[in-house]
Amino acid sequence: MREGGEAAAVLKRLAAGPGRDERLTHVESVPPRPGRTCAWPRWVPAEVLSQLADAGITAPWTHQVATAEAAYGGQHVVVATGTASGKSLGYLMPAFATLSIAQAASPHRRIASVLYLSPTKALAHDQLRAISSYTVPGLRATTLDGDSERTERDWARDYATYVLSNPDMLHRSVLPSHQRWARFLSCLQYVVVDECHHYRGVFGAHVAGVLRRLRRICAQYGAHPIFICASATVAEPAVSGERLTGLPMVEVVEDGSPRGGISFGLWEPPLTSLRGENGAPVRRSATAEVADLLTDLVVSGVRTVAFVRSRRGAETVAMTARENLAEVDPGLADLVSAYRAGYLPEERRRLEGMLQSGELTGVAATNALELGIDIAGLDAVLLSGWPGTRASLWQQAGRAGRAGGDALALLVARDDPLDTYLVRHPAAIFGRPVEATVFNPENPYVLGPQLCAAAQELPLTAADYEIFGSTTPAVIAQLVRQGLLRERPHGWFWTRRERAVDAIDIRSAGGKTVQIVEDHTGRLLGTVDGGSAHASVHEGAVYVHAGESYLVKTLDLDGHAAIVEPAAPDYTTFARDVTEISILSTEETCAWGTAELSRGWVQVTSQVVSFQRKLLATGDVLDEQPLDLPERTLRTKAVWWTMPDSDVAGLGLYDVPGAAHAAEHASIGLLPLFATCDRWDIGGVSTARHADTGRLTVFVYDGHPGGAGFAEHGYAAAREWLTATREAIAHCECTDGCPSCVQSPKCGNQNNPLDKSGAVALLTALLSSEA
């Protein structure tokens, strides 16, 4: 959209559609920003400058040069600027210059190399296309991922100077076979960690371990590469970069690129006549709402991407939009497609090409497209639900207007407390800085397996304490007691025959991996970590792989396998559990009047007891079916608050357990706004009197063994977090509680008892105390 105000006019037309009164709750106008350029660094090869000029790039943005100069000067650097700001040129300049110089010095032998890491294969392939457009002496680029053929992997190892891969391949393939990669690793000059704000929680902690393993192996071969981290706009990027790599970082945060204006709307679907659990009102699903909006935009010729959190949701949005368009004009249906990470490589490449060429007008995508794939010319972005962080929100919104024009962005709320709060409190989105990434590289449940992998690659010594952190000696001692490591005169050695990396899923910390196997063919479809298997692949669960739906026939806990069969259900499933919690130790406590706020170690005992089936199209609950699964225990971190009986009695609450229970549910829903987690990463327990405190107590705990840092952030931001929780409950338009405020989809007690007004009173009393 090129004309000023055109995006706002399109948004106004959407809101004026039949029956859409009051759905648009807020419109934020983000002004355009002019660009700032500077001179090229003198060391950039002349042939590269010539090719950039031919491509229309006559001068670099200021942040590109700041990044390039820092890296070329030998400093580890993190650049954290907006979407489509051209961060890649900041790391390509030093990489190209170094490879060009190396080629001139040694035409027949590889003496310099670059490793590029991204969270997704699609982004690495997009970067390869961009790099391949340059002719640079010494540049031999290729991707290395799960799609790579054996010959491609061999060529990457033996001949490539610029390898584009991902942390998973580095963890499972390159580092365990580092002797075969010795020639590449021994001359490694730069490691580019792209989209590094995606490395948070347990995934971030594991990637931090993988990068430390890379550093020690490179050092063994005499290489000490410079790390260049590229991130969306986040808080404290240098701190996050240092936590990720273990190295001091220079940060570049002043964005010199131009940006078109954005008309950013917040949209709340209406309550429907449907009734959910305990007769609670149900909102129209965000998926259905986004499908209708995508239809309207495509009919109007507005090039749009709709971001949907799940593969299944993306497929549903695309399918519904195509059906809607076919009713208008059968020829319009082919203008919409789904895009997600589960497609075959050739399918992904074809869809990316169609988007770039304009053959597709609308696409429903998972966050495989959220990352920095350069698709210019999009006019609008629809977001089906809060994407988890402000960084992701702005990165997704930044997909539109990438060719320099004004853009439209629309966040459509899902039926949960956080989304409901945000569309009614726009200042929580637009009036706040983006958050910092949260992960804990010294989590013993992550660090332990990473140290085992490191020991198998190269025996651990006391010199590794500095690389892996202050808790390393204690974790090594525990691994020795477990018989996983053995001390010898020259260090600690791995004791097993199997590969240590095979027991580690770097995207989880939940125990031994459970394999998903198709019943009639025996084909391995995928895996889930043991910690989430009870909830995600229980008997009767709907499992989605590469866009295809399966029903779980059996979950074999002893054999670590879930047997599934193809199916096409019109419903999805949600597991429900019951939980008990005990306090192991308290690390910090502060008084809020007579109430107390604490954080520390807890032991959680939980059991998945049933699952609900909900219609995909409407969210209507079909039924709830019981499950017979064993209890599980989890040692983790939690934040909790308590209130003495006398204070509670003074409130005159009708249902004290229901008030605490409702406050617990809502606080779980709101914590992701302050701790960059997902509500499924955390859990909670509430009781009118807990055995360890002797008081009314509400716990929110980290769902990962050892914790991922979420509880600590909840403690630090407790007053702001619990204030938002109270407001989310109080401002919800329902009478007695609903999924938008106090009901939880994973509650094993059938969301009973719940006292909405009591929760408001309880939180009001808590927050009125003096901190």
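Residues numbered from 1 in each chain as written. Predicted model: local features only at pLDDT ≥ 70, side-chain atom pairs only at ≥ 80, totals over all residues. Heavy atoms only, no water.

Enquirer: What is the right way to read the pattern of salt bridges from this model?
Expert: Side-chain pairs of opposite charge can arise whenever the charged atoms involved come near each other. This model, assessed by the stated rule, comprises 30 salt bridges. In this structure, Glu 624 and Arg 576 form a salt bridge, with 3.0 Å as the shortest nitrogen-oxygen distance. On the criterion of sequence distance, the pair formed by Glu 624 in strand β26 (residues 621-626) and Arg 576 in strand β24 (residues 571-592) is long-range, its members being 48 residues apart. The exposure class of Glu 624 is partly exposed, given its relative accessible area of 27%. Its relative accessible area of 0% is what places Arg 576 among the buried residues. Where Lys 637 meets Glu 587, a salt bridge forms, and the shortest distance between an N and an O atom there is 3.6 Å. A residue pair is termed long-range when its members are at least 10 positions apart, and Lys 637 in strand β27 (residues 632-643) and Glu 587 in strand β24 qualify at 50 residues. (Salt bridge = Lys/Arg side-chain N within 4 Å of Asp/Glu carboxyl O. Helix = DSSP H or I, 4+ residues; strand = E, 2+ residues; numbered from the N terminus. Buried < 20%, exposed > 50% of the residue type's maximum accessible area, 1.4 Å probe, protein only.)

Enquirer: Where do I start with the nonpolar core in this structure?
Expert: Nonpolar side chains tend toward joint burial in soluble globular proteins. Phe 264, Trp 641 and Trp 721 are the most contacted members of the largest nonpolar core, which has 83 residues in total. With seven residues, the single largest contributor to this core is helix α22 (residues 656-670). Among residues more than four places away in sequence, those in contact with Trp 641 are Glu 596, Leu 597, Ala 663, Leu 696, Thr 697, Val 698, Leu 722, Leu 762, Leu 763 and Leu 766. Ranked by size, the runner-up nonpolar core spans 56 residues in total, among them Val 174, Phe 184, Ile 217 and Leu 479. (Core = buried A, V, L, I, M, F, W, Y, C linked by side-chain atoms within 4.5 Å. Contact = heavy atoms within 4.5 Å.)

Enquirer: How should the sheet that holds strand β12 (residues 304-308) be read in this particular structure?
Expert: Within a sheet, neighbouring strands are paired by backbone hydrogen bonds and run either parallel or antiparallel to one another. One open sheet holds the seven strands; their spatial order is β1-β9-β16-β15-β12-β14-β13, and the pairing between them is mixed. Looking at the sheet topology across the chains shown, the edges are occupied by β1 (24-30) and β13 (336-339). In this sheet, neighbouring strand axes are inclined to one another by 15 degrees on average, regardless of whether the strands run parallel or antiparallel. Pairing of β13 with strand β14 (residues 362-365), which is carried by four bridges, proceeds in the parallel orientation. Looking at the pairing, Tyr 339 lines up with Ala 365 of β14. Strands β9 (262-267), β12, β13, β14, β15 (380-384) and β16 (407-412) of the sheet are contacted by helix α11 (residues 286-299), whose axis makes an angle of about 170 degrees with β15. Those strands touched by helix α12 (residues 311-328) are β12, β13 and β14, and its axis lies near 175 degrees from that of β13. (Pairing = 2+ DSSP bridges. Axes fitted to C-alpha atoms, helices over the stretch in contact; angles between N-to-C directions.)

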